[in-house]
Amino acid sequence: MRPLLRSLLALALVATFAGPAAAASIVTLALDPTQSSLVPASGPAETLSGTLVLRVGALPLGGSNTTFDVIGLAVTASGGATIGLDPDVLDPGLGVLRPDGAWLVPTLFVRITQGSSVDLAIPDLTGSVEFGPGAASITRLVTSFGIDTGAGGIITVNVVAVPEPGTLLLAATAVTTLALYARRARAEVSR
Amino acid sequence: MNARILLSALAAVAVAATGVTIASCPPGGVTEAMVQRAYLSVPGYAEPHTPGSGVVGTEMAPATRVQQILGPTPTLNRVSYARFWLPKPDPNAKPRTIFVLVPGFISGAGPFGPLARQLVAQFNGNVEVWVIDRRPNQLEDRRGLEHAKAALQQPTPDVNGFYEGLQFYFPETLSTDIDQDGAIDPPYLLPDALGGMSSWVKLRQNDARFMAYWGVDTYVRDWKILVEAARAVVGPQGLVLFGGHSMGTTWASVFAAYDFDPGPGVDAGYSHIDGILLLEGGGVGAGSATKPTLAEYQATVNNLATATVNTVQVFLPSFFGVLDLATLGAGAGMAGLDGVYRAGQPSLLQRTTLYVGSLIGLIYPPLLASETLIGLFLDEDHSPAAALAGSFGMSDDGDNQDFTSAPLVTTPIYQPLDRADELPRQWKNFDDPTLPTCPPNDPVAVAGGSRGCAIRNNGPRPAPTDPARQWGEEREVSDLYEMLAVQYERGDFIEQYFASGRPNLDFQFGRDSSSLGDESLLAITQNANVNVPVLCLGGSNGLAPSEKSYATYLGSIATPASDQEIFISEGYAHLDVLTAKRNAALPTLTSWVNRLLQRKLLAGF
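Residues numbered from 1 in each chain as written. Chains lettered and ligands numbered in written order. Predicted model: local features only at pLDDT ≥ 70, side-chain atom pairs only at ≥ 80, totals over all residues.

Visitor: Got a minute to help me understand the overall build of chain A in this structure?
Guide: When helices and strands are counted, chain A shows two helices and 10 strands. Taking all 191 residues of chain A together, 38% fall into the buried category. Put simply, of all contacts in chain A between residues at least 6 apart along the chain, 55% involve residues at least 24 apart. (Helix = DSSP H or I, 4+ residues; strand = E, 2+ residues; numbered from the N terminus. Buried ≥ 20, exposed ≤ 12 C-beta atoms within 10 Å, placed from the backbone. Contact = placed C-beta atoms within 7 Å.)

Okay, here's the thing in structure tokens:
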């Protein structure tokens, strides 16, 4: 394998899994439409799809908490409404992540648009993440919360997000290529 | 589910954690109108000389006038505040952040309403705002105000009841016939707290000698009680942010610098809070060049407490030495009622001694609509205390003339003159698209055809190291009609008995009272150690309009520069920082809270 290609693949691997270095990492997750939903008090549920982008203060985590910021949100409900971060708030999704995977965003500021827009603050948003090997990556995010609409009853929001398919493919390619390269290198040494 | 219904439902938001906590709100999202306000009073610091302390041999007996207002055995060691919050279906749902804020010079909790409501709504109730109403506010005689309000709140407003309220505070004279019945009516009497009937009970200095002990020590200990109550609500991982507006920034920074342990230990105020918010004020200064000695201090306190002449003042008797403060406060309350219930009609306050033959009548000679009288006092285009005012619009339906040469007037303001048709001058609110601008109108208005202009340009922004000065294009941002009820609600606009004797003595020490040598009297000793984040919000047309306004204080504390932030809202006047409808500083304030909370939660949640 050419050195340049090897370097690029290694870089891709590091970027995809947020790397072993304890530095801020950008993690892009895709909502799983089969498990992400809006469930009204009555009537059919809507599916949710889209992506959310996190900036995690330090991956892999040590023994202490780290910052967990929602820096991107582009979600669409099957009924047509879109949900993004409130662009009028400078830091709309600042939170904290625990080593056990539990996280808290004290207030998440979002904008919901369907024709007109409404800005909403979601207090005390909690959930959990699962880590990849060595706690160097995030492989799954889960949250669930309720919205009381008053006369309309409670809407339950369920979100399950995993590394988006493109990211997974890139990561898989990188891992596979590096594994092949390593095996070939070992074979060359043994010769 | 229909998408539009979904949007409406989501717009309702108040979302909760993991389905455990559910909050509600109707379609359209959280609005400021949904934010609740309550005026609360709880036991305060047990200052021993104060009536109601129960400390035998030290407690001072209440004067008859105080008893007429509060009853035979008043308990004055109380701390009051206006709480702004968003009700939630789950009574256990608590905010993560509480602001505890101190009003400025002779002011109350009321003007904080617009900013407080915006903050609470912005965070969907995850933030509360508690605005302190200082102790002397409980000494105000509100009987006439409540009588008049009850009369006006009838399905068919009873104007006679309002007349009675006016006659309670402002007895008729030869030149004031309030109800225009052709007779000089006697003062209107109402039941008092001693079981008698009396007209307005206005305190004299000798009625309130206990206020000799209402200085910095008493106040900050009052407020520490609120800070501790706020901490109990938000918990150790939440934020308690302490701040103030105008002179309230002095109080807030003194709170942070205070050592609450009168002994050799240190219990610093800043250790109880997570940040300091300075609104249109530069915090505590260095104080007088010469500080009182302990003997001088004790002698002054003793004189304040025992004097028998009213010239020894424990409270401020007048506004800038010319307008009786209690009278102004009572009049403002009644004028607010007049403005709310009789909007657009001729002001009835102009029939009272508040106006007739007084300085106010000289400053504002024309016939005025009820709300115009308030507007002229609050607006930076017209107010004789323009430096303390806001941008509420303007009255331009008659000539305005330059009034800069009048006594005490230091900034360009307009004196309204009679309308040509002699009808009442009306108020043009902040959002009226026809507010006069300059150009084309001349900022220096002269009698006989000029109206002046509401929006001036005060020039380029000074560099951070330049001397502080006003700059930028003025903006009209505050709703006068929102300020009318503020004049008469509990926690109103004017503090009628602003404690001045003891605080003035204390403030001679500025940010360090170590030289006094007795921490049981005054203990401002920790300023140099203050290390919590500080956010300063000013207005370019206000009293603290640029970075330099805050530099001295920020340079006196240990907070690193990375935790010192300054944001100046261009065009905002002094009050606008509190009263603006869509406060330009809200994004900065929101971001500050978010970042501080994240930092706090890193320690554990």
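Visitor: Sorry, what's going on with the overall build of chain B here?
Guide: Helix and strand counts for chain B come out as 16 helices and 16 strands. Over its C-alpha atoms chain B spans a radius of gyration of 24 Å, differing by no more than 12% from the 25 Å that the globule rule assigns to 605 residues. Overall, the C-alpha framework of chain B stretches about 70 × 70 × 55 Å when taken along its three principal axes. Considering chain B as a whole, with its 605 residues, one finds that 56% of them fall into the buried category. (Rg over C-alpha atoms; globule rule 2.2 N^0.38 Å.)

Visitor: How should I be thinking about the packing of helix α5 (residues 159-169) of chain B against helix α9 (residues 325-341) of chain B in this particular structure?
Guide: The relative placement of two packed helices comes down to the angle between their axes together with the axis-to-axis distance. Residue and element names in this part refer to chain B. Where α5 meets α9, the axes come as close as 10 Å, and the angle between the chain directions of the two elements is 170°. Viewed along their axes, α5 and α9 adopt a mutual orientation that is roughly antiparallel. Together, F162, G165, L166 and Y169 of α5 and A330, M334 and L337 of α9 make up the contact between the two elements. Classifying every residue of the contact of α5 with α9 by side-chain character gives six nonpolar, one polar and no charged. (Axes fitted to C-alpha atoms, helices over the stretch in contact; angles between N-to-C directions. Parallel < 35°, antiparallel > 145°, perpendicular 65-115°, else oblique. Nonpolar A, V, L, I, M, F, W, Y, C, P; charged D, E, K, R; others polar.)

Visitor: Honestly, the pairing of strand β4 (residues 66-77) of chain A in this entry has me stumped. Any pointers?
Guide: Every other side chain in a regular strand lies on the same face of the sheet, so the side chains alternate between the two faces. Residue and element names in this part refer to chain A. Here strand β3 (residues 46-59) runs beside β4; their pairing, made up of nine bridges, is antiparallel. What sits directly across from L48, in β4, is A77. Where β3 folds back onto β4 in an antiparallel hairpin, the turn is made up of six residues. The pairing of β4 with strand β6 (residues 94-97) spans four bridges and is antiparallel. By the bridge assignment for β6, D69 is matched with L94. With antiparallel pairing between neighbouring strands as the criterion, β4 and strand β5 (residues 82-85) make up a hairpin whose turn holds four residues, including G80 at a positive phi of roughly 115°. (Pairing = 2+ DSSP bridges.)

Visitor: What's the story with the domain arrangement of chain B in this structure? I'm lost.
Guide: A common way to express how large an interface is: the accessible area buried when the components associate. Here chain B is described as being made up of domain 1 (1-30) and domain 2 (31-140 + 206-305 + 497-601). Distance between the C-alpha centres of domain 1 of chain B and domain 2 of chain B: 36 Å. (Domains from an automatic or database assignment.)

Visitor: Help me understand the confidence of the model for chain B, please; the structure alone is not making it clear to me.
Guide: Where the model shows low pLDDT, its predicted coordinates should not be examined in detail. The predicted model of chain B averages 92 in pLDDT, with 93% of residues at 70 or higher. Ignoring residues within four places in sequence, the model shows residues 1-26 of chain B, a span with pLDDT below 50, making 109 contacts including any to other chains. (pLDDT = per-residue confidence, 0-100.)

Visitor: Just checking my understanding: could you explain helix α7 (residues 247-257) of chain B for this structure?
Guide: Side chains of residues three or four places apart in an α-helix project in the same direction, reflecting 3.6 residues per turn. Residues and elements named next belong to chain B. Here α7 lies mainly inside the structure; 11 of its 11 residues are buried. All of the buried residues along α7 are M247, G248, T249, T250, W251, A252, S253, V254, F255, A256 and A257. Here the buried face of α7 lies against β3 (97-102), α6 (216-234), β7 (239-245), β8 (275-279) and α14 (548-556).

Visitor: Teacher, can you tell me more about the packing of α9(B) against helix α11 (residues 370-378) of chain B here?
Guide: All names here are of chain B. At a minimum axis distance of 7 Å, the contact between α9 and α11 shows a crossing angle of 130°. Considering their axes alone, α9 and α11 lie oblique with respect to each other. In this structure, α9 crosses over α11, and the sense of that crossing is left-handed. Together, A335, G336, D338 and G339 of α9 and S370, E371, L373 and I374 of α11 make up the contact between the two elements. Among the residues making up the contact of α9 with α11, the classes are represented as three nonpolar, three polar and two charged. (Left-handed = near helix turned anticlockwise from the far one by under 90°.)

Visitor: What is the right way to read the confidence of the model for chain A from this model?
Guide: Residues and elements named next belong to chain A. Summary statistics for chain A give a mean pLDDT of 80 and a share of 72% for residues scoring 70 or more. Mean pLDDT values for the elements of chain A range from 46 in helix α1 (residues 3-16) up to 97 in β6. Contacts of residues 7-21 to residues separated by more than four positions or lying in other chains number 31 contacts, the stretch itself having pLDDT below 50. Below pLDDT 50 for its whole length, residues 174-179 participates in nine contacts with residues either more than four positions away or in separate chains.

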